[in-house]
Protein chains: 2
Amino acid sequence: MSEPVAPVNLADKLSLFSELWSQKKVAVLNDYEVKLAKLKGEFVWHTHEDTDELFLVISGRLTIQLRGADVVLEPGELFVVPRGVEHCPMADEETAILLFEPTGTLNTGDAGGPMTKAAELLG
Amino acid sequence: MSEPVAPVNLADKLSLFSELWSQKKVAVLNDYEVKLAKLKGEFVWHTHEDTDELFLVISGRLTIQLRGADVVLEPGELFVVPRGVEHCPMADEETAILLFEPTGTLNTGDAGGPMTKAAELLG
């Protein structure tokens, strides 16, 4: 007889933290990570030279500012920022997102600065 | 002035097809693909020897049968099947999922057979 194995419930994981702009790792796929984050306000302009970066909005509303274009994501919408493309996430209201990118990708990319923070394992 | 760039709306993409057990590519991240699929019934037991495989349920209810364990996923829940682990997806009701895995990963893994189908690019 099969015994149950628990999946990752995104809402449950989001209920475990309130910190903004802090990536929480919830799953690993090969050498990639699935991370959750809560955003409000404006981040810093930065670039990931070596990797694309996937944003999927779970709740709220995310604007990914690009140089010369804005991408506005509602819940259930995703966007891949191509490697080498400068971008700056911004959210007027608190917004929960799922990120997918290679293990070790830093949140601020090439920009560094005080908002730089390594992803943390969540629960 | 910034001009809008459209994100990928998962519900819109799901409205574009009704075929079951057919993976539709909606985004690419480095050498990985984001795919959507609609499932109903039972798939085939198979293994991906070279890669983990991520399932995220969007609507419906998915059971990922493992040998000796079942993982039941509701909307907003994800699970990563580790490489080398035999599994068989099953859905009693029509279920929409998002898949994340390396480009070229075949749906039936090592099993082959009539349900084998390469992912197709979706509008």
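Residues numbered from 1 in each chain as written. Chains lettered and ligands numbered in written order. Predicted model: local features only at pLDDT ≥ 70, side-chain atom pairs only at ≥ 80, totals over all residues. Heavy atoms only, no water.

> Would you mind going over the interface of chain A and chain B in detail, with residue names and values included?
Frequently, the measure chosen for interface size is the accessible area that the parts lose on association. If you look at the interface, chain A gives 38 residues, while chain B gives 38 residues. Here chain A and chain B share an interface that buries about 2,800 Å² over both sides, 60% of which is from carbon and sulfur atoms. Among the residues of chain A in contact with chain B, Leu-29, Asn-30 and Leu-78 of chain A are the three that bury the most area, contributing 22% of the side total. Summed over the shared surface of chain A and chain B, the number is zero salt bridges. One can count 16 residue pairs in polar contact (both at pLDDT 80 or more) joining chain A with chain B. Looking at side-chain class alone, the side of chain A that touches chain B contains 24 nonpolar, six polar and eight charged residues. Here strand E8 (residues 77-81) of chain A pairs with strand E2 (residues 8-9) of chain B via two bridges, running antiparallel. From the neighbouring strand, Glu-77 of chain A faces E2 of chain B, where its bridge partner is Asn-9 of chain B. (Contact = heavy atoms within 4.5 Å. Buried area = accessible area lost by both parts, 1.4 Å probe. Salt bridge = Lys/Arg side-chain N within 4 Å of Asp/Glu carboxyl O. Polar contact = N/O pair within 3.5 Å; in protein donor to acceptor, adjacent residues only side chain to side chain. Nonpolar A, V, L, I, M, F, W, Y, C, P; charged D, E, K, R; others polar. Pairing = 2+ DSSP bridges. Helix = DSSP H or I, 4+ residues; strand = E, 2+ residues; numbered from the N terminus.)

> Break down the UniProt feature "domain: Cyclic nucleotide-binding" (unreviewed entry) in chain A for me, citing the residues and quoting the values.
Here the UniProt feature "domain: Cyclic nucleotide-binding" (unreviewed entry) sits at residues 16-79 of chain A. Here residues 16-79 of chain A is 0% helix and 58% strand, with 25 Å between the C-alpha atoms at its ends. (UniProt positions renumbered as here; feature names shortened; annotations may be inferred.)

> So what about the relation of the copies chain A and chain B? Which residues, and what values?
Once turned by 180° and shifted 0.0 Å along the axis, chain A lies on chain B with an RMSD of 0.0 Å. These values place the two chain copies in the arrangement generated by a two-fold rotation axis. A shared binding surface is used by both copies, with 100% of the interface residues of chain A retained as interface residues in chain B. (Least-squares fit on C-alpha atoms with pLDDT ≥ 70 in both.)

> Please set out the layout of surface pockets residue by residue, giving values where relevant.
In this structure, the largest pocket spans a volume of roughly 230 Å³. The wall of the largest pocket is formed by 13 residues, among which Leu-56 and Gly-76 of chain A together with Leu-10, Leu-56 and Ile-58 of chain B lie closest to the centre. Counting only elements with at least two residues in the lining of the largest pocket, the list comes to strand E5 (53-59) of chain A together with helix H1 (10-14) and strand E5 (53-59) of chain B. Split into classes, the residues belonging to the lining of the largest pocket amount to eleven nonpolar, two polar and no charged. (1 Å grid on protein atoms, 1.4 Å probe; cavity = no way out; pocket = protein on both sides within 12 Å on 5 of 7 lines; lining within 4 Å. Points joined across faces, edges and corners; volume = space filled by probe spheres on them.)

> Lay out the side chain of Thr-47 of chain A with the relevant residues and their values.
Residue and element names in this part refer to chain A. Mapped onto the elements, Thr-47 comes out in the loop between strand E4 (32-42) and E5. Looking at Thr-47, the relative accessible area reads 7%, which means it is buried. Contact partners of Thr-47, with chain neighbours within four places excluded, come to Gly-84, Val-85, Glu-86, Gly-109 and Asp-110. (Buried < 20%, exposed > 50% of the residue type's maximum accessible area, 1.4 Å probe, protein only.)

> Account for the pairing of E8 of chain A, naming residues and giving values.
Residue and element names in this part refer to chain A. Here E8 lies mainly inside the structure; five of its five residues are buried. Residues Glu-77, Phe-79 and Val-81 point to one face of E8 and Leu-78 and Val-80 to the other, with burial holding for every one of them. Where E5 and E8 come together, four bridges link them in antiparallel fashion. If you follow Glu-53 over to E8, its bridge partner there is Val-81.

> An account of the packing of aromatic side chains is needed here, citing residue identities and associated values.
Per the counting criterion, the structure on display carries six aromatic pairs over all chains. Plain terms: the ring middles of Tyr-32 of chain A and Tyr-32 of chain B are 4.1 Å apart, the flat faces sit at 40° to each other, and that makes the pair tilted. Of this pair, Tyr-32 of chain A sits in strand E4 while Tyr-32 of chain B is found in strand E4 (residues 32-42), placing the two residues in two different chains. The exposure classification of Tyr-32 of chain A matches that of Tyr-32 of chain B, with both residues buried. With a centroid separation of 5.6 Å and 20° between ring planes, the pair formed by Tyr-32 of chain B and Phe-100 of chain B is classed as stacked. With Tyr-32 of chain B in strand E4 and Phe-100 of chain B in strand E9 (residues 87-102), this residue pair connects regions lying 68 residues apart in the sequence. (Phe/Tyr/Trp six-rings, centres within 6.5 Å; stacked < 30°, edge-to-face > 60°.)

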